[in-house]
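Summary of the model geometry
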Amino acid sequence: MRPDQDKPDFPYWLLILIGIGSYLFWHVLSDDLYSQVLATLSKGIWTTVMVTVVAFSMAASLGLLLAVAAGSRFIVIRQVTRFYIEVVRGVPIIVLLLYVAFVLAPGLVDLWNWLTGLLGVEPLRNRDFSLLWRAVIALTIAYSAFLAEVFRAGLASVDKGQIEAAEALGLSRWHTFRLVVFPQGFRVILPPLGNDFVAMVKDSSLVSVLGVTDITQLGKVTAAGNFRYFETYNVVALIYLTMTIGLSLALRRLEQRLRQGQER
């Protein structure tokens, strides 16, 4: 074993990326065409951030519930949960996105109209169900299945002796989960959870197939209008790289702080 094996490598890759990014940002700010493209695409950043944060928050909540349900004492709940997870994980996200947008959403509208029709409520139209929220629901469903496995693995990593000790102290199942299992499992869950959050930032670009005005959709519209595909998609890639690498570095720093706190 090398004596310096425990020391982290110096991030030369980060220096290279910073250099390339600085050059591209300088080019964007100094070139009129790049500046115009950036000004247009920046309008889609809020949409991308909103879709990512809302969909991931909902997916994480649903995924945690699925992970808990997968460990239920009742076989019916376990089997239904496993059925949901395996089916959703087996469908490509873009197919699920289209299915939710053009099959599930109209079905929900019809169901709502049928239920409220008896009360004399004005019927809801399909176009009243915005494509933005259809996309958010689709990403929530897709990622909830993957996050359920992340939560399940993290919760299963907690030593059974900890759970038995909590039960011996008279803690209820809920208090055992909240005070013992989840805090310890969260240290295992955090790295893959962070990776999936970064992945959702990138996968949020799929909502552009529905015409949602995120960064990618505005890039497509801009490139189709000015025919400057090289410059436009350079800026698109630069925005996504800035977001994902910044998140990755922040998550890595958070993991280090948690590890140092655990060692203390």
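See the structure shown above.
This is a predicted model, so every value here is computed, not measured. (Residues numbered from 1 in each chain as written. Predicted model: local features only at pLDDT ≥ 70, side-chain atom pairs only at ≥ 80, totals over all residues. Heavy atoms only, no water.)

1. Structural notes on the overall build of the chain
Using the following cut-off: The secondary structure listing takes helices from DSSP runs of H or I that are at least 4 residues long and strands from runs of E that are at least 2 residues long, numbered from the N terminus. Restricting the calculation to C-alpha atoms gives the radius of gyration, and the globule rule supplies 2.2 Å times the number of residues raised to the power 0.38. Summary of the burial criterion: residues with accessible area below 20% of their type's maximum are buried, those above 50% are exposed, and those between are partly exposed, where the area comes from a 1.4 Å probe applied to protein chains only. Contacts are assigned to residue pairs that have any heavy atoms within 4.5 Å of one another. The protein chains shown are the only cover counted for residues, whose accessible areas, like all others here, come from Shrake-Rupley with a 1.4 Å probe. When charges are counted, Lys and Arg contribute as positive and Asp and Glu as negative, whereas His and the chain ends are disregarded. Note that the charge is assigned to NZ on lysines, CZ on arginines, CG on aspartates and CD on glutamates.
Within the chain, the regular secondary structure consists of ten helices and zero strands. Tracing the chain from N to C terminus, the helices and strands come up as α-α-α-α-α-α-α-α-α-α. A globule of 264 residues ought to have a C-alpha radius of gyration of about 18 Å, yet the chain, at 23 Å, is considerably larger. With the C-alpha coordinates of the chain rotated into their principal frame, the extents come out at 75 × 70 × 25 Å. Out of the 264 residues in the chain, the part that is buried amounts to 36%. A separation of at least 24 residues holds for 77% of the contacts in the chain among residues at least 6 apart in sequence. Total accessible area computed for the chain in this model is approximately 16300 Å², and 65% of it derives from carbon and sulfur atoms. On the chain, the mean spot of the 23 positive side-chain charges and the mean spot of the 19 negative ones are 4 Å from each other.

2. Some thoughts on the packing of helix 2 (residues 32-41) against helix 9 (residues 215-226)
Just so we agree on the cut-off: For helices, the axis comes from a line fit to the C-alpha atoms of the stretch in contact; other axes are also lines fit to C-alpha atoms, and the angle between any two N-to-C directions lies between 0 and 180 degrees. Each angle gets one of four labels, with under 35 degrees taken as roughly parallel, over 145 as roughly antiparallel, 65 to 115 as roughly perpendicular, and the rest as oblique. Whether a crossing is left-handed or right-handed is set by the direction in which the near helix is turned from the far one by less than a right angle, anticlockwise for left-handed and clockwise for right-handed. Ten residues, namely Ala, Val, Leu, Ile, Met, Phe, Trp, Tyr, Cys and Pro, are considered nonpolar, four, namely Asp, Glu, Lys and Arg, are considered charged, and the remaining ones, Gly among them, are considered polar.
Axis separation between helix 2 and helix 9 bottoms out at 9 Å; the angle between their running directions is 140°. By the angle between their directions, the pair helix 2 and helix 9 is classed as oblique. Helix 9 is crossed by helix 2, and the crossing has right-handed handedness. Contacts from Leu33, Val37, Thr40 and Leu41 of helix 2 reach helix 9 at Ile215, Leu218, Gly219, Thr222 and Asn226. A class-by-class count of the residues in the contact of helix 2 with helix 9 yields five nonpolar, four polar and no charged.

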